[in-house]
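# Examining the three-dimensional arrangement
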Amino acid sequence: MQSREITWLGRRGAQSRIDCLPKENICSESVRPLSLSGHVGFDSLPDQLVNKSTSQGFCFNILCVGETGIGKSTLMDTLFNTSFENSQSTHYESQVKLKAQTYELQESSARLKLTIVNSVGFGDQINKEDSYKPIIDYIDAQFEAYLQEELKIKRSLHNYHDTRIHACLYFISPTGHSLKSLDLVTMKKLDSKVNIIPVIAKADTIAKNELHKFKIKIMGELVSNGVQIYQFPIDDETVAKINSTMNGHLPFAVIGSTEEVKVGNKMVKARQYPWGVVQVENENHSDFVKLREMLVCVNMEDLREQTHTRHYELYRRCKLEEMGFKDTDPNNKPVSLQETYEAKRNEFLGELHKKEEEMRQMFVMRVKEKESQLKEAERELQDKFEHLKKMHQDERKKLDEKKSLLDEEMSIFNKRKAAAEFLQAQAFQTTPQMNLKKDKDRKNY
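The rules we used
Residues numbered from 1 in each chain as written. Predicted model: local features only at pLDDT ≥ 70, side-chain atom pairs only at ≥ 80, totals over all residues. Heavy atoms only, no water. Axes fitted to C-alpha atoms, helices over the stretch in contact; angles between N-to-C directions. Helix = DSSP H or I, 4+ residues; strand = E, 2+ residues; numbered from the N terminus. Parallel < 35°, antiparallel > 145°, perpendicular 65-115°, else oblique. Contact = heavy atoms within 4.5 Å. Nonpolar A, V, L, I, M, F, W, Y, C, P; charged D, E, K, R; others polar. Phe/Tyr/Trp six-rings, centres within 6.5 Å; stacked < 30°, edge-to-face > 60°. Buried < 20%, exposed > 50% of the residue type's maximum accessible area, 1.4 Å probe, protein only. Salt bridge = Lys/Arg side-chain N within 4 Å of Asp/Glu carboxyl O.

## Things to note about the packing of helix α4 (residues 133-150) against helix α9 (residues 300-322)
Direction vectors running N to C along α4 and α9 enclose 80°, while the axes themselves pass 10 Å from each other. It follows that α4 is roughly perpendicular to α9 by the angle criterion. Residues Asp 140, Phe 143, Glu 144, Tyr 146, Leu 147 and Glu 150 of α4 form the contact with α9, whose own contacting residues are Thr 307, His 308, His 311, Tyr 312, Tyr 315, Arg 316 and Lys 319. Residues that form the contact of α4 with α9 fall into these classes: 5 nonpolar, 3 polar and 5 charged.

## Some words on the packing of aromatic side chains
Where two aromatic rings form a pair, the distance of their centres and the angle of their planes describe that pair. Inspection of the entire model under this criterion finds 10 aromatic pairs. Measuring from centroid to centroid gives 5.7 Å for Tyr 146 and Tyr 160, while their planes differ by 65°, and the two rings are edge-to-face. Taken together, the positions of Tyr 146 in helix α4 and Tyr 160 in the loop between α4 and β4 (167-172) put the pair 14 residues apart, joining distant regions of the chain. Judged by centre distance (4.9 Å) and plane angle (5°), the ring pair of Tyr 273 and Trp 275 falls under stacked. Overall, the relative accessible area of 25% leaves Tyr 273 in the partly exposed class.

## Re the pattern of salt bridges
On inspection of all chains with the given rule, the structure shows 15 salt bridges. Residue Glu 149 pairs with Lys 152 through a salt bridge whose shortest N-O separation is 3.1 Å. For Glu 149, a relative accessible area of 7% gives the class buried. Residue Lys 152 is classed as partly exposed on the basis of its relative accessible area of 46%. Glu 283 is the salt-bridge partner of Lys 290, the closest N and O atoms lying 3.2 Å from each other. For Lys 290, a relative accessible area of 9% translates into the label buried. Classification of Glu 283 by relative accessible area gives partly exposed; the value is 45%. Salt bridges sharing partners connect three or more residues here, namely Lys 215, Glu 283, Asp 287 and Lys 290.

Right under this line is the structure:
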């Protein structure tokens, strides 16, 4: 395994240096093979890469998708021969949630930062139409976080905790009939974003001949529905034979158990039943050993590489195209990032000026509308004022007329009063004289 890793690292290191060269400088005529007359020392480059990678450590992220109680946590404990922090999940979740836990593992000199993401409540809702969306959103969020780190001016990718999902273990219920609609829809939505490895959980609940037919039926349904699952690579001749064989065993029928049962003279991980013992690592009982070999021992680095070169690059390309960045212009000529940036900047400024002009025109229009409304209100107030003023004048005129009539009546009244007073005074003056005359006449009589 170490020799295969060194060979791959050496090939990858050489390829990475070729990728750094300008494309126009790479051609078969400009590269000439030469022989060395003595030892130079660059044959230690693979060892340098191995030592550097070992000192930095590795990260690997696994997404477990399956119904509650199907054995996801137990399989993870069995797969890495440890006990992770697991909590019991209920069947009453209102929606699917993603729970991520990161652990530091070490085996010999290799350090592994392992992240296990569990889908809590998957398949427990009555309406399962949108069950896959939280999973898609989580995967895209990890891609987006990595993309934002790449786009920073001061990047620190060498110590960045890569949380992108490298492998998705999709747990299939051992029904023995066919895939559920939820499984087909979810895997179809996930196949362009993550490496899917389908596994049949709790394989000891189905007979061996039925299990073989079930595997064939699952693969047929995946192919007929266009679901692209992860295929173990066969381009590397060192692992081509074993990977080609294991591709024919997909999906893996697995059993998980952390309990140890004594079989013969040794203790093995197994499940104890009244009718016998099912050994986890017995290849006649389950494909657990095949899964561990393919996932951890042989193809872990390929899963990491496929995540970066295929799934992340697809997300990155789509994201940059949405932002307007392209490699070529309409004439199929290469366009630099600076040219694209300037074009987008000018386009943005043009749109900004256009929006400013639209906002200015809208503001002017609203001001004019407001002015017309104010003028209309002012005109209505003026009309109302004129009407009230006219009413006031009419009332004043009526009051003046009534006042003049009242003044005339008062004048007549005063005249009558003066005449009456005059007559009364005259009457008062004549009355004593008449009395004296009467008295005189009486005496004379």
